[in-house]
Amino acid sequence: MSTARAKLKKVFAVCKYIYTPLIFACIFYYIFKNSDLLLDLFSKAKPQFIISAVVLWASLHLLAPLSPLLILRCLGYSLPYKRLLEIYIARLPARYLPGGIWHTVGRLADYRSCGITKKHISFLAFFETIFPIPVTFFIGGTLLWIYTPRALPYSLEIFSTVASFIVLFAPFFLLIWNPLKKYPPAKNTFFYLNLLFLSFIFWSLAASSFIFYFNSVALNKTAQQPLLSLAGAYIFSWGTGYIAIFAPQGIGIFEVTAGKIINLPLSLGSSVAFLAGFRLIALLADFLIYVSFWLNNFWFKKDPFNKDNPNT
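None of the values given here were measured: they were computed from a predicted structure. (Residues numbered from 1 in each chain as written. Predicted model: local features only at pLDDT ≥ 70, side-chain atom pairs only at ≥ 80, totals over all residues. Heavy atoms only, no water.)

A. A look at the overall build of the protein. Of regular secondary structure, the protein possesses 14 helices and 0 strands. Counting from the amino terminus, helix and strand elements in the protein follow one another as α-α-α-α-α-α-α-α-α-α-α-α-α-α. Looking at the protein as a whole, 45% of its 312 residues are labelled buried. Taking all contacts inside the protein whose residues are at least 6 apart in sequence as the whole, residues at least 24 apart take part in 70%. Of the roughly 17,000 Å² that the protein leaves accessible, carbon and sulfur atoms contribute 72%. (Helix = DSSP H or I, 4+ residues; strand = E, 2+ residues; numbered from the N terminus. Buried < 20%, exposed > 50% of the residue type's maximum accessible area, 1.4 Å probe, protein only. Contact = heavy atoms within 4.5 Å. Areas by Shrake-Rupley, 256 points an atom, 1.4 Å probe, with all protein chains shown as cover.)

Structure follows, in structure tokens:
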């Protein structure tokens, strides 16, 4: 079994090494091929919409530590929000390292240094890895089902929405009946409900950022769609890219899926190039948050990883 698992890991590693440069080459090719069209679009872009998209995406970094905060509180730890936020932001550059997992790995290592046991770190890592899948497919699939019924095959709409609903809410009923009393997460349904609510807020802000980016350029009327339909397309496409483990941060998969779902007056190549531009919004937001974080530490002469720091 271990041999088969090792072979499978090697296959995925090879796929990543091949896929990543290949998809980057394809995206750059589409950008180059459609450079005149993209320059025309972005030269007329509304700066207030671009700024709003960046600000909304930057605000997600303030919400991100709340999920591990709730889980750790449920597990019996009292790590403060400020400490978790500092760990999260300090590890942001690792998000752009090859592999796409180093931001999570860095945070988990910091949690371990804060006294969290390996068992609970493993649970936290498992939850953070799996939880976004049913959340994005349920929210995105539901919005597409309601506002753009023919955007996806009907069977896929039903399966993604219903299956994700079952996966998301089954733990809630298990927590109510509490059959596994030895596990701390089974002691309080309040934390899980808060996690669901937090996920809804998080993806609402992320989708709003995408909507501002999408509407920042002057596309013709055939591209106009209900805002909630665009939100559903973004969230569902993100989920599709997320489960494509060979694609770091879903690059390529997200753009192609969203390009197929959204009714854009562009060719698929032009759509991929345009949608890939949204990653620049995320990159700029990450950069601004990270620089602000370190400027704040420099100004107040703080070390975010100093355990004796009274402000952590």
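Now that the structure has been shown, we can carry on.
B. Structural view of the nonpolar core. One finds Trp-57, Leu-72, Tyr-111, Phe-210, Tyr-234, Ile-262 and Phe-274 to be the most contacted residues of the largest nonpolar core, which totals 72 residues. The greatest single-element share of this core, amounting to 12 residues, is contributed by helix α10 (residues 189–214). Excluding residues that lie within four positions of it along the chain, Tyr-111 makes contacts with Pro-68, Leu-84, Ile-87, Ile-116, Ile-121 and Leu-124. (Core = buried A, V, L, I, M, F, W, Y, C linked by side-chain atoms within 4.5 Å.)

C. Region of the structure containing the packing of helix α11 (residues 227–243) against helix α12 (residues 253–261). Where α11 contacts α12, the axes come no closer than 8 Å and their chain directions differ by 145°. Handedness of the α11/α12 crossing: right-handed. Contact residues: α11 offers Ala-233, Tyr-234, Phe-236, Ser-237, Trp-238, Thr-240 and Gly-241, while α12 offers Ile-253, Phe-254, Thr-257, Ala-258 and Ile-261. Split by residue class, the contact of α11 with α12 holds 8 nonpolar, 4 polar and no charged. (Axes fitted to C-alpha atoms, helices over the stretch in contact; angles between N-to-C directions. Left-handed = near helix turned anticlockwise from the far one by under 90°. Nonpolar A, V, L, I, M, F, W, Y, C, P; charged D, E, K, R; others polar.)

D. Examining the side chain of Glu-128 more closely. Summarising the element assignment, Glu-128 is placed in helix α7 (residues 118–130). There is a polar contact of 2.9 Å between the side chain of Glu-128 and the side chain of Arg-107. (Polar contact = N/O pair within 3.5 Å; in protein donor to acceptor, adjacent residues only side chain to side chain.)

E. Local environment of the packing of aromatic side chains. Tallied over the full model, the rule gives 23 aromatic pairs. With centroids separated by 5.8 Å and ring planes inclined at 45°, the aromatic side chains of Phe-138 and Phe-165 adopt a geometry described as tilted. Taken together, the residues Phe-138 in helix α8 (residues 132–147) and Phe-165 in helix α9 (residues 154–177) connect sequence positions 27 residues apart. Judged by its relative accessible area of 22%, Phe-138 is partly exposed. These aromatic residues form a ring-pair network of at least three members: Trp-57, Phe-210, Tyr-213, Phe-214, Tyr-234, Phe-254, Phe-274 and Phe-278. Geometry around Phe-49 places Lys-46 over its ring, the cationic atom sitting 4.9 Å from the centre. (Phe/Tyr/Trp six-rings, centres within 6.5 Å; stacked < 30°, edge-to-face > 60°. Lys NZ or Arg CZ within 6 Å of the ring centre and 35° of its normal.)

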